[in-house]
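Coordinate inspection notes
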Amino acid sequence: MFTGIVERMAKVVKTEQEGSNFHFTLQTPVADELKIDQSMAHDGVCLTVVKLFPDRQQYTVTAMEETMNRTNLRFWQPGTEVNVERSMRMDGRFDGHIVQGHVDQTAVCQKIETLDGSWKFHFQFDGDKHFTVEKGSICVNGVSLTVVDSKPGLFSVAIIPYTFAETNFHHIKEGSTVNIEFDVFGKYVARLFSEYMKQQGK
């Protein structure tokens, strides 16, 4: 479980395919604190550390084919910068919101507005199974954010200078694909309501 508060960025050093699996080697300052079999969020995707290197600056994670198809990992290449967060500690403050690291789908950046000292990013996503609500939580590339505008298949978020500089939001352009995870509580409520409506024959 994660909070959506990005710790650092990691840079993809190497990509390798083995069967239907993809191995990604990344470099980050927190690599020396990692352990084998540890869960870590990468652009919001929970991946397991499978290898550590002697220099303790690099590590490798593996993604299955389903993960590649559902997320923007299929666009990763050497040089790509990724938002990373280690799993939540139980003895610390709970910032952000509950993030499972289970990306629901991707979204495409439609427009970026420059505000007075911040930025407003507009995203579009496909499908009618998920939705957003104004002032609700959403996770974009592993970053816990508050929804500003909400319409069917569309939402926007506001990014302050710190978040813009310390995450890979400064790399997002119009047309960029990002990972999104909808609020888990909202998903449960939507599922229960859908089942209720079925029982009512509606």
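Read on for an overview of the structure. (Residues numbered from 1 in each chain as written. Predicted model: local features only at pLDDT ≥ 70, side-chain atom pairs only at ≥ 80, totals over all residues. Heavy atoms only, no water.)

**So, the overall build of the chain**
- Scanning the chain for helices and strands turns up three helices and 12 strands.
- Relative to the globule expectation of 17 Å for 202 residues, the C-alpha radius of gyration of the chain, 17 Å, shows essentially globular dimensions.
- Across its three principal axes, the chain shows a C-alpha extent of roughly 60 × 45 × 35 Å.
- Each of the 202 residues in the chain was classed as buried or not, and the buried ones make up 41%.
- Long-range contacts, defined as pairs at least 24 residues apart, comprise 67% of the intrachain contacts of the chain with a sequence gap of at least 6.
- Entry remark: accessible area of the chain is about 11,400 Å², with carbon and sulfur atoms responsible for 50%.
- Taking the average place of the 21 positive charges on the side chains of the chain and the average place of its 26 negative ones, the gap between the two points comes to 2 Å. (Helix = DSSP H or I, 4+ residues; strand = E, 2+ residues; numbered from the N terminus. Rg over C-alpha atoms; globule rule 2.2 N^0.38 Å. Buried < 20%, exposed > 50% of the residue type's maximum accessible area, 1.4 Å probe, protein only. Contact = heavy atoms within 4.5 Å. Areas by Shrake-Rupley, 256 points an atom, 1.4 Å probe, with all protein chains shown as cover. Lys, Arg positive; Asp, Glu negative; His and termini not counted. Charge placed at Lys NZ, Arg CZ, Asp CG, Glu CD.)

**Describing the pairing of strand 1 (residues 8-18)**
- Judged from the four bridges that link them, strand 1 and strand 6 (residues 81-86) form a sheet pairing that is antiparallel. Directly across from alanine 10, in strand 6, lies its bridge partner valine 82.
- Where strand 1 and strand 2 (residues 21-27) come together, seven bridges link them in antiparallel fashion. Considered in strand 2, the bridge of threonine 15 is made with phenylalanine 24. (Pairing = 2+ DSSP bridges.)

**So, the sheet that holds strand 4 (residues 45-52)**
- What the six strands build is a closed barrel, ordered 1-2-5-4-3-6; its pairing is antiparallel. Taken over all neighbouring pairs, the strand axes of this sheet differ in orientation by 45° on average, direction set aside.
- Two strands pair when backbone bridges link them, and strand 3 (residues 39-42) and strand 4 are joined in this way by four bridges, in the antiparallel orientation. Bridging from a neighbouring strand, serine 39 pairs with threonine 48 of strand 4. (Axes fitted to C-alpha atoms, helices over the stretch in contact; angles between N-to-C directions.)

**Examining the packing of aromatic side chains**
- If you walk through the whole model with that rule in mind, you get seven aromatic pairs.
- Measuring from ring centre to ring centre gives 5.0 Å for phenylalanine 24 and tryptophan 76, while their planes differ by 75°; the resulting arrangement is edge-to-face. Taken together, the residues span a long stretch of sequence, with phenylalanine 24 in strand 2 and tryptophan 76 in the loop between helix 1 (65-70) and strand 6 at a distance of 52 residues.
- On the accessibility criterion, phenylalanine 24 (2% relative accessible area) is buried.
- Ring pairs connect the aromatic residues Phe121, Phe123, Phe125, Phe155, Phe169 and Phe182, which therefore count as one cluster. (Phe/Tyr/Trp six-rings, centres within 6.5 Å; stacked < 30°, edge-to-face > 60°.)

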